[in-house]
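# A structural walkthrough
Now for the letters of each chain:
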Amino acid sequence: MIPALMLTLRLAVVVSAILLALSVPLAYWLAFSRRRGKFFIEAIVSLPIVLPPTVLGFYVLVAIGPLSPFGRWYQALTGHSLAFTFEGLVVGSVLYSLPFAVQPMAASFSSIDRKLLDASALLGASHWRTFWHIVLPLGLPGVLTGFVLSFAHTLGEFGVVLMIGGNIPGATQTVSILIYDQVQALDDAAANHTALLLLALCFAMLTVLYGLRRHNGASIWGWK
């Protein structure tokens, strides 16, 4: 169980860090952009919420597999395929957890009083300075929510990681896949212990998040 747990925690840390870097600017654009086609980007970002994980995992596997142009380029560059590796799990997990990071951040940014932004512009502050000194501090509850939700969501992924990484102990076997293997082996006691550990970890993270939300007076999705 320890190798699967460590791999899962490593995956969650890497994915949530990448999503933090990607989601903050994307959420800012979604919150304040007036482009007419913004709804199309919003639909793409939200798609993993309603799409079956196996469908997303299948298309990611096709896209990064050795028969795809990207897969061939990656294999020529690194000497090995991206599929059925930890790096492949990262790619699939980033796509699958993207809406859980972006939506709370975008909602939090959207709730900021526009008068503050107008006042900053009138005082001659650049968009970059306004973001760092007004948008980001006021939207911090949503940023924190997106980070924690993406971390917790990555911990419990099953369909996507199984499709992309398979079930290789020590390499791509996450805790959720290990639980499935234990159930398949009729080892209910081991499955129960592993599941309880994952349950306790996720519950602890959400408890801390809701506690911070209560302290800051913000909802789980970043609204005041």
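Okay, the packing of aromatic side chains next. Summed over the entire model, instances satisfying the criterion amount to 10 aromatic pairs. Relative to Phe32, the ring of Tyr28 has its centre 5.0 Å away and its plane inclined at 55 degrees; by these criteria the two rings are tilted. With Tyr28 and Phe32 both in helix α1 (residues 2-32), this residue pair falls 4 residues apart, about one helical turn. You can call Tyr28 partly exposed: its relative accessible area is 25%. On the basis of relative accessible area, Phe32 is assigned to the buried category, the value being 17%. The structure contains a cluster of three or more aromatic residues connected by ring pairs, namely Tyr28, Phe32, Phe109, Trp128, Phe131 and Trp132. We note Arg10 situated over the ring of Phe86; from NZ or CZ to the ring centre the distance is 3.9 Å.

With a phi angle near 60 degrees, Phe84 is a residue other than glycine that sits in the positive phi range. Counting through the fold element by element, Phe84 comes out in the loop between α4 (69-78) and α5 (86-110). Although it is not a glycine, Leu186 adopts a positive phi angle of roughly 60 degrees. With respect to the helices and strands, Leu186 occurs in the loop between α10 (175-184) and α11 (188-216).

Another aspect to go through is the environment of Leu67. Assignment of secondary structure puts Leu67 in the loop between α3 (53-64) and α4. Overall, Leu67 belongs to the exposed group, its relative accessible area being 78%.

The next subject is the packing of helix α2 (residues 38-50) against α5. Axis separation between α2 and α5 bottoms out at 7 Å; the angle between their running directions is 115 degrees. Read as a crossing pair, α2 and α5 show a hand that is left-handed. Here Val45, Ser46, Pro48 and Ile49 of α2 lie close against α5, whose contacting residues are Leu95, Tyr96, Leu98, Pro99, Phe100, Val102 and Gln103. Partitioning the contact of α2 with α5 into residue classes produces 9 nonpolar, 2 polar and no charged.

What follows is about the nonpolar core. If you look at the biggest cluster of nonpolar residues, it comprises 29 residues, and the most contacted ones within it are Leu11, Met105, Phe109 and Val135. Counting only elements with at least two residues in this core, the list comes to α1, α5 and α7 (127-138). Here the element with the most residues in this core is α5; it accounts for 10 residues. Apart from residues no more than four positions distant in its own chain, Val135 is found in contact with Tyr28, Phe32, Phe109, Ile112, Leu117 and Thr130. Ranked by size, the runner-up nonpolar core spans 16 residues in total, among them Leu149, Ala152, Ile179 and Leu198.

Turning our eyes to something else, we now look at the environment of Phe32. Spatially, the C-alpha atoms of Phe32 and Arg114 are 9.7 Å apart, while their sequence positions differ by 82 residues. Those residues in contact with Phe32, other than ones at most four positions away along the chain, are Phe109, Arg114, Leu117 and Val135.

Summing up the model confidence of the protein, the mean pLDDT is 88 and the portion of residues at 70 or higher is 96%. Here residues 219-224 scores under 50 on pLDDT; set against residues more than four positions off or in separate chains, the count is 24 contacts.

Packing of α1 against α7 brings their axes to within 13 Å, and their N-to-C directions diverge by 100 degrees. The angle between α1 and α7 falls in the class roughly perpendicular. Only His127, Phe131 and Val135 of α7 make contact with α1, whose side of the interface consists of Val24, Tyr28 and Phe32.

About the thresholds
Residues numbered from 1 in each chain as written. Predicted model: local features only at pLDDT ≥ 70, side-chain atom pairs only at ≥ 80, totals over all residues. Heavy atoms only, no water. Phe/Tyr/Trp six-rings, centres within 6.5 Å; stacked < 30°, edge-to-face > 60°. Helix = DSSP H or I, 4+ residues; strand = E, 2+ residues; numbered from the N terminus. Buried < 20%, exposed > 50% of the residue type's maximum accessible area, 1.4 Å probe, protein only. Lys NZ or Arg CZ within 6 Å of the ring centre and 35° of its normal. Axes fitted to C-alpha atoms, helices over the stretch in contact; angles between N-to-C directions. Left-handed = near helix turned anticlockwise from the far one by under 90°. Contact = heavy atoms within 4.5 Å. Nonpolar A, V, L, I, M, F, W, Y, C, P; charged D, E, K, R; others polar. Core = buried A, V, L, I, M, F, W, Y, C linked by side-chain atoms within 4.5 Å. pLDDT = per-residue confidence, 0-100. Parallel < 35°, antiparallel > 145°, perpendicular 65-115°, else oblique.

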